[in-house]
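Listed below are the residues making up each chain.
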Amino acid sequence: MATTVPLVPESTEWTERLDGFVDTATRAAAEFRRLDQEAVDRIVWAMVVAGLESAVELAELAMEETQFGVFEDKVVKNYIATEFLYDYLKDKRSVGVIDRDPARGIEYVAEPIGVVLALTPITNPTSTVLFKAIVAAKTRNAMIFRPSARAAGCAERAVQILSEAGERAGLPKGALQVIPDPTLDVSQYLFHHPGVDFIWTTGGPKAVAAANAAGKPCLSVGAGNAPVYIHSSADIPMAVVDMLISKTFDASVICPAEQTCVVDDAAYDQMVAELERMGARVLSREESDALAQATVAEDGRISMAALGRSCADLAAMAGLDPSERDKVLVAPLPSALDELAEHSFLQEKLMPVLGLVRSPSVDHGIAACELVTEHGGLGHTSAVYATDQEVVDRFAERIRTGRILVNAPTAVGALGGIYNSMTPTFSLGCGTWGGSMTTDNVNYRNLLNVKTVSRRQTPPQWFRVPSDTYFNAGAIESLRELGVTRAVVVTDADSEARGVADQVREQLPGASLHVFSEVEPEPGEATVREGAAIVDKLRPDAIIAVGGGSVIDAAKVIRLFHESPDVDLRELSLPFLDARKRVARYPHIAHDIRLAALPTTAGTGSEVSPAAVLSLGGRKVTLVDYSLVPDMAVVDPRLTASMPPVLTADTGVDALTHALEGAVSIFASPYTDAFCMQAINLILDALPRAYADGDDMDARTDMANAATIAGLAFSNAFVGVCHALAHAVGARFGIAHGRANAIFLPHVLRYNASLPSKFMPAPGYRTYVAPERYAQISHVIGLGGHGEAERRERLFTRVDELLRAVDEPRTLAEAGVPRADFDAALPELVRAAFADPSIRTNPRIPLVSELSGLLRAAAG
Ligand SMILES: NC(=O)c1ccc[n+]([C@@H]2O[C@H](COP(=O)([O-])OP(=O)(O)OC[C@H]3O[C@@H](n4cnc5c(N)ncnc54)[C@H](O)[C@@H]3O)[C@@H](O)[C@H]2O)c1
Ligand SMILES: [Fe+2]
């Protein structure tokens, strides 16, 4: 056995010697890191075999040195620390890739920690060393042991046996060392040593607190005080045998041992009789008090002299008649919780003394168990005996211990592997309640640095469109396909005055129609609720929305409110970063009322889109969900012929903006690209003609189709910064949506075509393609030009020409916003634009300063 050299604190020799231990460990750790799984498993095997072969010798040494406990049980503990541990570890990977999750593209790669300082307790002096040393080998960590001062010799021997066996199998020299010197200074020096990477403490509250205070990564597990609740539904004879096995195990010098048993009134007499029949000695209250007097020291703790003594020894100490036959001394404690709280036997008793409390109710019983945990047992271990599942559930819910054993003994059960499938351990995490970072049965996983190797993943995309779209002049006839007998027509007063409801009626001669024509531009919640109330009452087969974007949006939300009256618009319009992960919960129910949308403007694309814009308390909110998409879109250009030129221009520019923003969105796909391209092509050509001559049905047809096609694109690719800015100024200054887009569009095109100061993180958007995409569009629609830059410029010039041709204002000033009002509103506009969900799909993230710049550029 290695000899202990006494150290002189603070001397150079002293620090040099300790540094030497750490240096050796550091070198061993570096060597260890190079070993593969096979080499590691060979070492572990050799150490396990050596540990098993020495189980008896080490138990003898432990008995000799600590002078307490039960020899036979110390042997069992050593077996658990080797055989059970090996059974658990043998097929576990601890080197390199230890786990794979192919579906998520993730691999976990294990690395050792390095140098681990391991504190081991007096209670399990050799088994804990065997356990920690084998775990160190499995995880390729070098370990320096600091055993309990009163068990240093047997710990040293255990390390010697394992390191010799390990080294023969390839364990790096110096990977396992012991510094047995008992002084606290040594521990303190090592706690703060820069070469020590991790502290793994198993010990009492003082050791845990000292290790935790070291200020480096640590895992500390401390003392317990396990309560056991025996419900009247329990199997009493089994519970008694379990407790006798467990409480006598190594004379109860093991932290998860049963400490106080709380027994339901109905089972109490049977319990006491059974305990006595099986060899426990149930004391009287007076004897119990005498035992407490004799075994509790002045500081209120169990005295060292009583620790791990036999029942006969303890009885003698208390002046009770000693008997070798007594397995456990059962000490009745008060039932009243306030009295119980004061009793000195409520604490952890590392001796074969078990507290006994008679309990009048399940509530009281659980409360008494809680009280026990609050006296040093929080986070550690508890047990409940019951066949009534509800009692087990209540107990598990209320008691704050890391392990809750059901119908099983705690001392032997908590170590894992005998009575249950818990991980075998001699290091029982006590959670934050007990100063630990975990409630785990600590094992090799806790001693690894696990690296997550995560492969790039591009989430799948989608292209969702409404089920039916009818288009071209006369498409309104397709309303007959609906086969409705009762419908609510949603529109606005002006449109009704133009006769749109009559046009619908003509197509549905036999149906009863109710016309709701109260929708105002950018409808508010009250209007929509009003519409929903009508639908609730009339229970139509369909809602037919005829009008501009405002009407169609209102109809979408009318159906939503009818189906799910309790939805909260505030929640539904919550901001989000990724639509797939957003917090807002939209109801997903099959629609019982069909929604047909007939646009009378050629712009918003609302007839096919999942969006609805509402005004809510002075601001615009956008609801987006595919459940809002109409079931049928009827794109009849005749309905748009009545639009005055200004409306034609504004709505047409809105459609153009949808296509130009969708084309460069981070959600753009080959599907949406095709739609964007065609929509841009049609609009550049048809909008000036529709503007100049509202009766040009070819132009109207192209515009109506283009607006819906652009709608299909942005329903899947979404829009960008131009919309964010347009929403902000539109809401603040009452500028029509398309008109506001017209003002910002030229600036935003050039902004997105330049090098971003901040890229939008989007896995599907591999490189910054916005500038190139504009050039491609220009090329495909035949605008001519050579090279990317020129082609792109031609597109931008074409857009400028179009905006001029349809007399769109070029600045906010031209749109009637006085400069002073603009300046005053600027901070608010920037904030509103930045919060707008539209910017989430823009290819570059606009900085706040850039939004401000774009707004100022457009101010005029
Ligand atoms: N849901 C979406 O996907 C989506 C997309 C973009 C915009 N929007 C929203 O749509 C609204 C704008 O819709 P809009 O531009 O269609 O205007 P709108 O629906 O607000 O209508 C504006 C005015 O034009 C009149 N009008 C409509 N059609 C007419 C016609 N054929 N002849 C004469 N007058 C007619 C209306 O009566 C109304 O007074 C805004 O609230 C905007 O935020 C929604
Ligand atoms: Fe729009």
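The present account deals with the structure reproduced in this document. Quantities reported herein were computed from a predicted structural model and do not represent experimental measurements.

1. A closer look at the environment of Thr-601
And step 1. Mapped onto the elements of the fold, Thr-601 is located in the loop between β20 (594-599) and β21 (611-616).
And step 2. Expressed as a C-alpha distance, the spacing of Thr-601 and Thr-485, which sit 116 residues apart in the sequence, is 27 Å.

2. Considering empty space enclosed by the protein
And step 1. A complete count under the given rule lists one cavity of 30 Å³ or more for this structure.
And step 2. Along its surface, the largest cavity is lined by Ala-663, Asp-673, Cys-676, Met-677, Arg-773 and Ile-777.
And step 3. At the level of elements, α23 (670-692) and α27 (770-780) are the ones that each hand at least two residues to the lining of the largest cavity.
And step 4. Here the lining of the largest cavity gets three residues from one element, more than from any other, and that element is α23.
And step 5. When grouped by side-chain class, the residues that make up the lining of the largest cavity number four nonpolar, no polar and two charged.

3. Some remarks on the environment of Asp-99
And step 1. Topologically, Asp-99 is positioned in strand β1 (residues 96-101).
And step 2. Separated by 641 residues in sequence, Asp-99 and Ala-740 place their C-alpha atoms 54 Å apart.
And step 3. Dropping the residues within four chain positions of it, Asp-99 is found in contact with Glu-107, Tyr-108 and Arg-445.

4. Some remarks on the site of ligand 1
And step 1. With respect to spatial proximity, 30 residues lie near ligand 1, and among them Gly-549, Ser-550, Asp-553, Thr-600 and Ser-609 are the closest.
And step 2. Between ligand 1 and Asp-492, the relevant distance is 2.8 Å, taken from an oxygen atom to a side-chain nitrogen or oxygen of the residue.
And step 3. Between Ser-606 and ligand 1, the recorded distance is 3.3 Å, taken from a side-chain N or O atom to a nitrogen atom.
And step 4. For ligand 1, the protein covers 89% of the area, taking 850 Å² as the surface of the free molecule.
And step 5. Secondary-structure elements contributing two or more residues to the shell around ligand 1 are α17 (493-498), α20 (549-563), β21 and α22 (645-664).
And step 6. Counted by class, the shell around ligand 1 contains nine nonpolar, 13 polar and eight charged residues.

5. Re the packing of aromatic side chains
And step 1. Applying the stated criterion to the full structure yields twelve aromatic pairs.
And step 2. Centre to centre, the rings of Trp-462 and Phe-667 are 5.8 Å apart; their planes meet at 80 degrees, and the pair counts as edge-to-face. Residue Trp-462 is located in the loop between β15 (448-454) and β16 (468-471), and its partner Phe-667 is located in the loop between α22 and α23; the two are separated by 205 residues in the primary sequence.
And step 3. Take Trp-462: its relative accessible area is 22%, and that puts it in the partly exposed class.

6. A few points about the packing of helix α9 (residues 236-248) against helix α10 (residues 265-277)
And step 1. Contact geometry of α9 with α10 gives a least axis separation of 10 Å together with a crossing angle of 50 degrees. On the basis of the axis angle, α9 is oblique to α10. The handedness of the crossing between α9 and α10 is right-handed. Together, Ile-236, Pro-237, Val-240, Met-243 and Leu-244 of α9 and Ala-267, Gln-270, Met-271, Glu-274 and Leu-275 of α10 make up the contact between the two elements.
And step 2. Considering only residue class, the contact of α9 with α10 consists of eight nonpolar, one polar and one charged.

7. Some thoughts on the sheet that holds strand β14 (residues 401-406)
And step 1. Strand order across the open sheet formed by seven strands is β10-β11-β12-β9-β8-β13-β14, with parallel pairing between neighbours. On the outer flanks of this sheet lie β10 (280-282) and β14, each paired with one strand and no other. Neighbour-to-neighbour, the strand axes of the sheet open up by a mean angle of 25 degrees, direction not taken into account.
And step 2. With five bridges joining them, strand β13 (residues 379-385) and β14 adopt parallel strand pairing. Pairing of Thr-381 across the sheet is with Arg-403, part of β14.
And step 3. This element, α10, spans β8 (226-230), β9 (258-264), β10, β11 (328-333) and β12 (353-359) of the sheet and lies at about 130 degrees to β9.

Cut-offs applied
Every chain is numbered independently, its residues counted from 1 as its sequence is written. Following the order in which they are written, the chains are lettered starting with A and the ligands numbered starting with 1. Whole-chain, interface and lining totals are the exception, using all residues; otherwise, since this is a predicted model, local features are given only for residues with pLDDT of at least 70 and side-chain atom pairs are given and counted only at 80 or more. Excluding hydrogens and water, the side-chain values take into account all heavy atoms of the structure. The numbering of helices and of strands both runs from the N terminus, where a helix is a DSSP run of H or I of at least 4 residues and a strand a run of E of at least 2. With a 1 Å grid laid over protein atoms only, a set of points is called a cavity when a 1.4 Å probe fits there but cannot get out and a pocket when it is open yet has protein on both sides within 12 Å along at least five of seven lines; lining residues have an atom within 4 Å of a point. Grid points are joined across faces, edges and corners, and a volume is the space filled by probe spheres set on the points. In this count, Pro and Cys sit with the nonpolar residues alongside Ala, Val, Leu, Ile, Met, Phe, Trp and Tyr, while Asp, Glu, Lys and Arg are called charged and the others, Gly among them, polar. Pairs of residues are marked as contacts when any of their non-hydrogen atoms sit within 4.5 Å. The near set for a molecule or strand comprises every residue that places at least one heavy atom within 4 Å of it. Any pair of nitrogen or oxygen atoms within 3.5 Å is treated as a polar contact; in protein, a donor-acceptor pairing is required on top of that, and neighbouring residues in sequence qualify only through side-chain atoms on both sides. Computed by Shrake-Rupley with a 1.4 Å probe, the accessible areas treat only the displayed protein chains as cover when residues are assessed. Each aromatic pair joins two rings of Phe, Tyr and Trp (for Trp, the six-membered one) with centres within 6.5 Å, and gets the label stacked for planes under 30 degrees apart, edge-to-face for over 60, and tilted for any other angle. Only protein chains enter the area calculation, which uses a 1.4 Å probe; residues under 20% of their type maximum are buried, those over 50% are exposed, and those in between are partly exposed. Fitting a line to C-alpha atoms yields each axis, with helices limited to the stretch in contact; the angle taken between N-to-C directions then spans 0 to 180 degrees. Angles are sorted into four bins: roughly parallel if under 35 degrees, roughly antiparallel if over 145, roughly perpendicular if 65 to 115, and oblique for all others. In a left-handed crossing the near helix is turned counterclockwise from the far helix by less than a right angle, and in a right-handed crossing that turn is clockwise. When DSSP finds at least two bridges between two strands, those strands are taken to pair.

By themselves, these are just geometric observations and shouldn't be taken as functional.
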